[in-house]
Amino acid sequence: MDLALLFKPLFSILWYLIPLVVLDTILRTAWFKGAVGEFMVNLAAKWLLDSKTYHLIKNVTLPTKERSTQIDHVIVSPYGVFEVETNNIESGDGS
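### Structural notes on the pairing of strand E2 (residues 68-77)
Bridge count for strand E1 (residues 55-63) against E2 is eight bridges, and the pairing is antiparallel. Residue Ile57 lies in a different strand from E2, and its bridge partner there is Val74. In textbook terms, the turn of a hairpin is the stretch between consecutive antiparallel strands, and for E1 and E2 this stretch comprises four residues. Here E2 pairs with strand E3 (residues 80-84) via five bridges, running antiparallel. Paired with Val76 across the strands is Val81, a residue of E3. Hairpin remark: E2 followed by E3, antiparallel, with two residues in the connecting loop.

Here you go:
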């Protein structure tokens, strides 16, 4: 039995599911969730903080004795220096 004869009609009907499955897989990755989280923090800092008072510095890399460390956001103002770290934390309920 030729499997191509079986899969050809099935593929012609369900071809649109392949990009949806790929997109769903990408949207569920920790990398994508982290990128969206950092984007939201950047957007909130730009919209909600006065640019004359607060200065946003993104992706700061600091050397340490053994390696380096990366800080997602540093906000400098007359009121202090604030370090904001963005993390992707999965909840236990699978959402």
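Don't stop here, the text continues.
### Considerations on the pattern of salt bridges
According to the stated counting rule, one finds one salt bridge in the structure shown. Arg28 is the partner of Asp24 in a salt bridge, and the nearest nitrogen-oxygen pair spans 3.0 Å. Given the relative accessible area of 35%, Asp24 is considered partly exposed.

### Points about the environment of Val74
Topologically, Val74 is positioned in strand E2. When the C-alpha atoms of Val74 and Thr61 are compared, they prove to be 11 Å apart, with 13 residues separating the residues in sequence. Excluding anything up to four places from it in sequence, Val74 contacts His55, Leu56, Ile57, Val60, Val81 and Phe82.

### A few points about the sheet that holds E2
One open sheet holds the three strands; their spatial order is E1-E2-E3, and the pairing between them is antiparallel. Two strands close off the open sheet at either side, each with one partner strand: E1 and E3. Neighbour-to-neighbour, the strand axes of the sheet open up by a mean angle of 35°, direction not taken into account.

### Comments concerning helix H3 (residues 30-48)
Counted at 1.5 Å a residue, the expected span for H3 with its 19 residues is 27 Å, and the 26 Å between its end C-alpha atoms agrees. By the burial criterion, the buried members of H3 are Gly37, Asn42 and Ala45. All buried residues of H3 fall inside an arc of 135° around its axis, so they share one side. Across H3 from its buried face, at more than 90 degrees, point the exposed residues Phe39, Met40, Lys46, Trp47 and Leu48. Where the residues of H3 are buried, they touch E1 and E2.

About the cut-offs
- Residues numbered from 1 in each chain as written.
- Predicted model: local features only at pLDDT ≥ 70, side-chain atom pairs only at ≥ 80, totals over all residues.
- Heavy atoms only, no water.
- Pairing = 2+ DSSP bridges.
- Helix = DSSP H or I, 4+ residues; strand = E, 2+ residues; numbered from the N terminus.
- Salt bridge = Lys/Arg side-chain N within 4 Å of Asp/Glu carboxyl O.
- Buried < 20%, exposed > 50% of the residue type's maximum accessible area, 1.4 Å probe, protein only.
- Contact = heavy atoms within 4.5 Å.
- Axes fitted to C-alpha atoms, helices over the stretch in contact; angles between N-to-C directions.
- Expected span 1.5 Å × (residues − 1).
- Arc of directions from axis to C-beta.

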